[in-house]
Structure formats: C-alpha cells, structure tokens
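Architecture and fold: a report
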Amino acid sequence: MKYVERARVKAERLRELGRAHILAVESSCDETAMAIVADGRRTLSSAVTSQIDLHAVYGGVVPEIASRIHVESLDLLLDEVLKNGDMAMGDIDAVAVTNGPGLVGALLTGVSWAKAFAYALDVPMIPVNHIEGHVSANYLAHPELEPPFVCLVASGGHSHIVLVENYGRYRLIGQTVDDAAGEAFDKVARVLGIPYPGGPLLDRIAEEGNEMAFSFPRPKLDGKYDFSFSGLKTAAINKVHTLEQQGVLIDVKDFAASFRRSIVDELAGKTIAAAMELKAEKVALAGGVAANRLLRREIERMGGDKGRKVYMPPLSLCTDNAEMIGSAAYYGLMAGKIADLSLNAVPTLRWIG
Ligand code: KG4
Ligand code: ZN
C-alpha cells in the first residue's frame, strides 16, 4: 500500500473513534509554532519561537529571514513539545500544517516539514487554513462553545465578520474593502514612532491616552457590515505629518487612544449589529487584533447590553500559534479533509466563498 492509502485508512479509523492527538505546525509568518492538541479541544503541549527581535531592526517582517528561522526551529520545537507533553512520536495520530494564507517561503518550510513527518511516521496529514485556525482558537478556550456563532476575525491581513454555521462552514457577512484592521494599527503606530510590532504597543500606550483628543472620519460604505480602514489610516498619517510640519508636539498617548477608538467602534459596532440581525446568541473574537484591550472590553460591553454571550481566546491564542491549527485540524480530519504528499503552500488560500 502507498503512503496515501495507509494514511486514508488511519484517518478513517480516527474518524470512527472521534479521537486524535494531532501535532500541529504553524509557520505562515514570523512565529514558528508547534503544539499537540487532543480532540480539537485540549492542548497537551505547545511551543512558539518568536522572531520579533530579529525583524524589529528592519521595522517589519523580512520574509527570507522568517523562512530561515522556521527551518532552524522546527526540529527543536518537536523535541520541546514532545518533552513538555511527556509524549513520544508514536503517540501522535496525525500531523496538521498551515498551508495558507501567508508568506510563501515561510509556509513552505512548515508544509515540507509536515510532509516529511507524515511520511516517516505514516500518519495522515491535515492541511489547515490559517484564518480557520484563528476562529478555532475559541474552541480551545471555551470547550463548551459550539456553532452557530458570529465571529469577528481581525488580523494583520484580514478583517471579516462571518457566521460560523458549523465546524468548517462559514458564511461571509462582511469584510474589509481595503486594509485590514491590524495593518492600519501597524502603519499608524509606525508614523507615531512606535516600534514594531506596532499594534500591541499602540494598544498599550492608548490605555493612558484621551480618546477624545483627536477625531477621525468615519467610513461610509455600501455593505452594511463591510469595513474600510484605508481612509482612517491615511487621515491619521496625514494628521501626524501636518502637525509635525507645524512644529506641534503630538501627544502619542492621546493620538493612539483616539485612533484605537475609531477602529474599535467600527469593529465592535458592526459585529454586534450583525449578531443582532442574524439572531445569533453567541459572538466570538479571533485573530491578532482580538488581543486589543479596548476591542475586548467593547465587545464584552456591547454584547452584554444586547444579551449576547461573548467568547474570546486568551491573548496567547489570539496571535499566531499552533494550538489553533491543531483544533481546526481535528474538525478537518473528522470531515475527511486529509492531504497527500503533493500538498503545496498557497499564499492566497481562500477560506470562504
Ligand atoms: O493574527 P496575527 O498574529 O497574524 C496574522 O495572521 O496577521 O495578527 C497580527 C496583527 C498585527 O497587525 C498586530 O499589530 C495586530 O494583529 N495586533 C494588535 C494587537 N495585538 C496584535 N492590534 C491591536 N491591538 C493589539 N493588542
Ligand atoms: Zn494570524
């Protein structure tokens, strides 16, 4: 029997059992991460190698450096997750890997590593869409959470409102027509002189600022639940430049607080409005921007006011990690979604529509 046939038989057995210890690999951007997740809901072991310091000197992610660090880190991470989980390679039932979207070189390192692992250990390989992974972080944080629920997915490259109809089944409700929320945070942080990674630091600084100090235009859009952050971002950047030219000293705390308020009002307002219209009782947050303190408070407050139950992953599961990939992979495996050794990295992989 060929590998793919053996993998299919094993996957079928795991489906029948409804149980699997999945080793998950995430290398789509600047974090190399690995985790072992049981049955999509429980993390047995997890490790991340962050590359932030290496990229910070360049003010952003350098793809070539990211790929090289992934290659150096993957084997070390395997040792670490097995040791921390007190497990052996033979305890792994399947391997999961992010195959898109992301940086092609970075994705390829994880995909190639996962193929080698799958072939050597003769286990099924499950491809995972990174964004579906972000949504699934909620299943780890809230073992009782079941679809349907409305989810706001906001990261460096995505801003979507989706209705999670079932595991792996999503209905697009709204999305950004231009920049992602994380991108807007990062770009504005940069002109304010806040070092990379801008979003999290801008958020921290904003906690001490006056959010009424500056005002920004509110986007007008055709799609009721769509977002547009490009105008807001450009207005903020222009304001910084104008004030600098006038020799006005900008209060970075106030500016950060006001800008954050504009973005969060859009994200939280439209997400809760969508949940109301769809009569969804549950609302969840996902993606790196879900770590934003104000967004978390506002979704909690507005959702509570409207009688919705609100879910969000802890901060460590909002930004990129492998646990979320292991969770999404379990539901992929249960739906029979396994890959053969021709699996490739797809930088623009779609997850919806
Ligand atoms: O999900 P993620 O780790 O990577 C992508 O898949 O893009 O998201 C990273 C994005 C970055 O734009 C980062 O600035 C933003 O999430 N981010 C935040 C915060 N933490 C991360 N943005 C605002 N406030 C935060 N606390
Ligand atoms: Zn991400």
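What this report covers is the structure whose coordinates are included nearby. Here the structure is a predicted model, which means the values were calculated and not measured.

Right, let's talk about the coordination of the zinc ion (ligand 2) for a bit. Donor atoms from the polypeptide that coordinate the zinc ion (ligand 2) comprise H130 (NE2), H134 (NE2) and D320 (OD), at 2.0 to 2.1 Å from the metal. Counting gaps between the donor residues of the zinc ion (ligand 2) yields the pattern H-x3-H-x185-D. Note that H130 and H134 are positioned in helix α5 (residues 130-141) at a spacing of 4 residues, about one turn of the helix. Accessibility classification places H130 together with H134 in one group, the buried group.

The next subject is the nonpolar core. F255, F259, I263, L267 and L295 are the most contacted members of the largest nonpolar core, which totals 50 residues. For this core, the element with the highest residue contribution is helix α9 (residues 252-277), accounting for 11 residues.

In the vicinity of ligand 1 there are 17 residues, among which H134, G156, D186, D203 and N292 approach most closely. For ligand 1, an oxygen atom lies 2.9 Å from a polar atom in the backbone of G156. Taking D186, its side chain carries an N or O atom lying 2.5 Å from an oxygen atom of ligand 1. Taken by itself ligand 1 offers 550 Å² of open surface, and the protein chains cover 86% of this. Within the residue set of the shell around ligand 1, elements represented by two or more residues are α5, α6 (181-191) and α7 (198-206). In terms of residue class, the shell around ligand 1 is made up of 4 nonpolar, 10 polar and 3 charged.

So, about the state of the cysteines. For the structure shown, the criterion picks out 0 disulfides. This cysteine, C29, is not joined by any disulfide, and C318 carries the nearest cysteine sulfur, 16 Å off. Overall, C29 belongs to the partly exposed group, its relative accessible area being 24%. Of the cysteine sulfurs around C151, a residue in no disulfide, the closest is that of C318, at 10 Å.

For any two helices packed against each other, the geometry comes down to the angle between their axes and how far apart the axes lie. One way to put it is that helix α3 (residues 63-84) packs onto helix α4 (residues 104-121) with a least axis distance of 8 Å and a crossing angle of 30°. It follows that α3 is roughly parallel to α4 by the angle criterion. As for the relative orientation of α3 and α4, their crossing is right-handed in sense. Two secondary-structure elements touch here, α3 through S67, H70, V71, L74, D75 and L78 and α4 through G105, A106, T109, G110, W113 and F117. Looking at the contact of α3 with α4, its residues break down into 6 nonpolar, 5 polar and 1 charged.

Pairing is mixed across the open sheet formed by 5 strands, whose spatial order is β8-β7-β6-β9-β10. Across the chains shown, the open sheet's two edge strands, defined by having one partner strand only, are β8 (169-175) and β10 (309-311). Across the sheet, the axes of successive neighbouring strands diverge by a mean angle of 25°, strand direction being ignored. Bridging between strand β9 (residues 282-286) and β10 involves 3 bridges; their strand directions are parallel. Considered in β10, the bridge of V283 is made with V310. Lying on the sheet, α5 is in contact with β6 (149-154), β7 (159-166), β8, β9 and β10; it crosses β6 at an angle near 125°.

Turning our eyes to something else, we now look at the packing of aromatic side chains. A full pass over the atoms with the stated rule returns 13 aromatic pairs. Between the aromatic rings of F185 and F259, the centroid separation amounts to 6.0 Å while the plane-to-plane angle is 90°, which identifies the pairing as edge-to-face. You can see F185 sitting in helix α6 and its partner F259 sitting in helix α9, a full 74 residues away along the chain. Neither F185 nor F259 differs from the other in exposure class; each is buried. An aromatic cluster is present here, built from Y139, F149, Y167, Y330 and Y331 joined pairwise through their rings. Above the plane of the ring of F216 lies K239, whose end atom (NZ or CZ) is 4.9 Å from the centre. One Lys or Arg, K309, reaches over the ring of Y311 and ends 5.1 Å from the middle of that ring.

Reading the values: rules and limits
Residues numbered from 1 in each chain as written. Chains lettered and ligands numbered in written order. Predicted model: local features only at pLDDT ≥ 70, side-chain atom pairs only at ≥ 80, totals over all residues. Heavy atoms only, no water. Donors = N, O, S within 2.8 Å, 3.2 Å for Na, K, Ca; no water. Helix = DSSP H or I, 4+ residues; strand = E, 2+ residues; numbered from the N terminus. Buried < 20%, exposed > 50% of the residue type's maximum accessible area, 1.4 Å probe, protein only. Core = buried A, V, L, I, M, F, W, Y, C linked by side-chain atoms within 4.5 Å. Near = heavy atom within 4 Å. Polar contact = N/O pair within 3.5 Å; in protein donor to acceptor, adjacent residues only side chain to side chain. Areas by Shrake-Rupley, 256 points an atom, 1.4 Å probe, with all protein chains shown as cover. Nonpolar A, V, L, I, M, F, W, Y, C, P; charged D, E, K, R; others polar. Disulfide = S-S within 2.5 Å. Axes fitted to C-alpha atoms, helices over the stretch in contact; angles between N-to-C directions. Parallel < 35°, antiparallel > 145°, perpendicular 65-115°, else oblique. Left-handed = near helix turned anticlockwise from the far one by under 90°. Contact = heavy atoms within 4.5 Å. Pairing = 2+ DSSP bridges. Phe/Tyr/Trp six-rings, centres within 6.5 Å; stacked < 30°, edge-to-face > 60°. Lys NZ or Arg CZ within 6 Å of the ring centre and 35° of its normal.

None of the figures reported here should be taken as evidence of function without further support.
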